[in-house]
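One-letter residues, chain by chain:
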Amino acid sequence: MSVAEPRQAATVLLLRDGFPGLEVYLLRRTKGMPFAGGMTAYPGGGVDPRDGDAEVGWFGPPPAQWAAAFGCDERTARELVCAAVRETFEEAGVLLAGDPEGGAVVPDVSGDEWEAQRQALLTRDLSLTELLAGRRLALRSDLLRPFAHWITPPVEPRRYDTKFFVAALPVGQEARDVSGEADEVSWLTPAQALAEASGGSRPMLPPTTHTLGQLEPFPDVAAALAGSPPEPLHPISPTFEETPDGRWAVLPDGTRIRMVVPLPS
């Protein structure tokens, strides 16, 4: 049986300081999604060919620095950072962009014109490069931090090589349920989300469970950004074990994550 080649993907843990402490933006993917339907996840998705556009306005750590962090080539690094910014706007209505010289981050991206452009990004009628150039903005890689790196196990037919980023919700922007790929969105503390997962009411895949656990010790957004990545970045690919007391995802370091619900086929 041939093993599927994993597709490059980016996902973003969008953070804010809420009343109960550090909160992360989570969306529940609609049941009919071909990958992880019904699962709670972060905004994100596969790299698009145009994410590698070298013309994109860019401020912050350059692709070479991201390539070193994630152990990939510069083009892939550029694609991943662009995909992280694009997917966060497409799925949460939050744009990590701003002044090309490093000044203000764009404060508000709601309103009809922004919404029309978000829709055009979704249909691929507009690229991120075109959107930013038209508004004299640059992607702000300085707002992102590398967080984790997971690769879907070889046994799965649909595989992703996913780089996880963290980013603070920019001042003046609001995350909003816009994607059409989610049937519910929420801001939750990592502890709340994990409690719902272990109770069975919020199924999620092992990378989501594990990264929420890594996020949990940080008291606020500033600490999470300063402390990322929480451990040396290395690709994690779990194996699965069936035991009399349930099904487990087992990580390379021996960490075991209980699978509360069966994996979506």
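No experiment lies behind these values; they were computed from the predicted model shown. (Residues numbered from 1 in each chain as written. Predicted model: local features only at pLDDT ≥ 70, side-chain atom pairs only at ≥ 80, totals over all residues. Heavy atoms only, no water.)

Peer 1: Whenever I open this one, the packing of helix α5 (residues 190–198) against helix α6 (residues 206–215) confuses me. Can you help?
Peer 2: Two quantities define a packed helix pair, namely the angle between the axes and the distance from one axis to the other. In the contact formed by α5 and α6, the axes pass within 9 Å of each other and the chain directions differ by 145°. For α5 against α6, the interelement crossing comes out left-handed. Within the contact between the two elements, α5 uses P190, A193 and L194 and α6 uses T209, L212, G213 and L215. Its residues assigned to classes, the contact of α5 with α6 comprises five nonpolar, two polar and no charged. (Axes fitted to C-alpha atoms, helices over the stretch in contact; angles between N-to-C directions. Helix = DSSP H or I, 4+ residues; strand = E, 2+ residues; numbered from the N terminus. Left-handed = near helix turned anticlockwise from the far one by under 90°. Contact = heavy atoms within 4.5 Å. Nonpolar A, V, L, I, M, F, W, Y, C, P; charged D, E, K, R; others polar.)

Peer 1: Can you help me understand the packing of aromatic side chains in this one?
Peer 2: Where two aromatic rings form a pair, the distance of their centres and the angle of their planes describe that pair. Tallied over the full model, the rule gives six aromatic pairs. Between Y25 and W187, the ring centres sit 5.3 Å apart and the planes meet at 55°, which makes this aromatic pair tilted. Highlighted residues: Y25 in strand β2 (residues 21–29) and W187 in strand β10 (residues 182–188), separated in sequence by 162 residues. Between the NZ or CZ atom of R78 and the centre of the ring of W58, over which it lies, the distance is 5.8 Å. (Phe/Tyr/Trp six-rings, centres within 6.5 Å; stacked < 30°, edge-to-face > 60°. Lys NZ or Arg CZ within 6 Å of the ring centre and 35° of its normal.)

Peer 1: How do you make sense of the pattern of salt bridges when you look at a structure like this?
Peer 2: Should the charged atoms of two oppositely charged side chains come close, the side chains can pair. Tallying each qualifying case throughout the model produces 12 salt bridges. With a shortest N-O distance of 2.8 Å, D161 and K163 are connected by a salt bridge. Judged on exposure class, the residue D161 and its partner K163 are both buried. Ionic contacts of the salt-bridge type, sharing partners, join the residues D48, D51, R86, E87, E90 and R124 into one network. (Salt bridge = Lys/Arg side-chain N within 4 Å of Asp/Glu carboxyl O. Buried < 20%, exposed > 50% of the residue type's maximum accessible area, 1.4 Å probe, protein only.)

Peer 1: How should the packing of helix α1 (residues 63–70) against helix α2 (residues 74–92) be read in this particular structure?
Peer 2: Orientation of α1 relative to α2, taken along the N-to-C sense of each, is 95°, at an axis distance of 8 Å. Compared by their axis directions, α1 and α2 come out roughly perpendicular. Residues P63, A64, W66 and A67 of α1 form the contact with α2, whose participating residues are E74, A77, R78 and V81. By residue class, the composition of the contact of α1 with α2 is six nonpolar, no polar and two charged. (Parallel < 35°, antiparallel > 145°, perpendicular 65-115°, else oblique.)

Peer 1: Would you take a moment to explain the side chain of T189 for this structure?
Peer 2: Among the structural elements, T189 can be located in the loop between β10 and α5. Not counting the four nearest positions on each side in its chain, T189 is found in contact with P20, L22 and E23.

Peer 1: Is there a simple way to think about α6 in this case?
Peer 2: An α-helical turn contains 3.6 residues, so a residue and the one three or four places further along point in the same direction. Buried residues dominate α6, accounting for eight of its 10 residues. Those residues of α6 that sit buried are P206, P207, T208, H210, T211, L212, Q214 and L215.

On their own, these measurements won't tell you what the molecule is for.
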